[in-house]
Amino acid sequence: MFPAKKLLSSTPPFALQFGKYLICGGTAFTVHWTIVSILGHTLSPAFDESLGDELRFRRSAINNTVAFFFSNTVAYFLNVRFVFQSGRFNRKTEVGLFFLASAIGFFPALYSLDLIIRTFSLNTHIANIGFPAVAAIGNFFARKLLIFRR
């Protein structure tokens, strides 16, 4: 047996599922970060430290809100395809609950953005990396326990 195959066969199902979730989440994060970066350097500049903390926070919040809808759509499709089993609810309810769970995680993440930028006056890039990371753990358990079949 190949070493990777042996490792996978001996890995607990929860660990495999969480690993797939992290890979899919990394993909959604890449989409999120790309959109935030494009917006933050073009239409809604948020990375120039000379803008001041308040304006950087407001623009970063807007950019992250826009990115949320796109990255969450990617996350939904990847999660249904590779991580969780669909069918606990009808499709519309499932999508609605998926976005609701993500939105609930969005607000603590938004607070972390505020904390990093306005309270600590740290770099906007650092704040925008921390933003989706804060929501990821809570989203996994909400999706696993409340939305999808176990």
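Above this note sits the structure.
Residues numbered from 1 in each chain as written. Predicted model: local features only at pLDDT ≥ 70, side-chain atom pairs only at ≥ 80, totals over all residues. Heavy atoms only, no water.

**Student:** Which residues make up helix 3 (residues 53-83), and what values go with them?
**Tutor:** Three or four residues apart is the spacing at which side chains of an α-helix point the same way, because the helix has 3.6 residues per turn. The terminal C-alpha atoms of helix 3, which comprises 31 residues, lie only 38 Å apart, well short of the 45 Å expected from a rise of 1.5 Å per residue. Phe68 marks where helix 3 bends most, by close to 30°. (Helix = DSSP H or I, 4+ residues; strand = E, 2+ residues; numbered from the N terminus. Expected span 1.5 Å × (residues − 1). Bend = angle between axes of the 7 residues up to and from the residue.)

**Student:** If you had to explain a nonpolar patch on the surface to someone new, which residues and values would you point to?
**Tutor:** Together, Phe14, Ile137, Phe141, Leu145 and Leu146 give the surface a local cluster of nonpolar side chains, amounting to about 470 Å² of exposed area. Ranked by residue count, the leading element in the nonpolar patch is helix 5 (residues 124-147), at four residues. Following the sequence through the fold, Leu146 ends up in helix 5. The class of Leu146 is exposed, set by a relative accessible area of 55%. (Patch = residues over 30% accessible without salt bridge, like charges linked within 9 Å, V, L, I, M, F, W, Y side chains within 5 Å. Areas by Shrake-Rupley, 256 points an atom, 1.4 Å probe, with all protein chains shown as cover. Salt bridge = Lys/Arg side-chain N within 4 Å of Asp/Glu carboxyl O. Buried < 20%, exposed > 50% of the residue type's maximum accessible area, 1.4 Å probe, protein only.)

**Student:** So what's going on with unusual backbone geometry? Which residues, and what values?
**Tutor:** The residue Ser121 is not glycine, and still its phi comes out positive at about 55°. If you trace the backbone, Ser121 turns up in the loop between helix 4 (91-119) and helix 5.

**Student:** Describe the packing of helix 3 against helix 4, naming the residues involved and giving the relevant values.
**Tutor:** For the pair helix 3 and helix 4, the least separation of the axes is 9 Å and the interaxial angle reads 150°. The orientation of helix 3 with respect to helix 4, classified from their angle, is roughly antiparallel. Remark: the crossing between helix 3 and helix 4 carries right-handed chirality. Per-class residue counts for the contact of helix 3 with helix 4 are 15 nonpolar, seven polar and seven charged. (Axes fitted to C-alpha atoms, helices over the stretch in contact; angles between N-to-C directions. Parallel < 35°, antiparallel > 145°, perpendicular 65-115°, else oblique. Left-handed = near helix turned anticlockwise from the far one by under 90°. Nonpolar A, V, L, I, M, F, W, Y, C, P; charged D, E, K, R; others polar.)

**Student:** Explain the packing of helix 2 (residues 13-41) against helix 3 to me, and be specific about the residues and the numbers.
**Tutor:** Packing of helix 2 against helix 3 leaves a shortest axis separation of 8 Å and a crossing angle of 155°. Relative to helix 3, helix 2 is oriented roughly antiparallel. Here the hand of the crossing between helix 2 and helix 3 comes out right-handed. Per-class residue counts for the contact of helix 2 with helix 3 are 16 nonpolar, eight polar and one charged.

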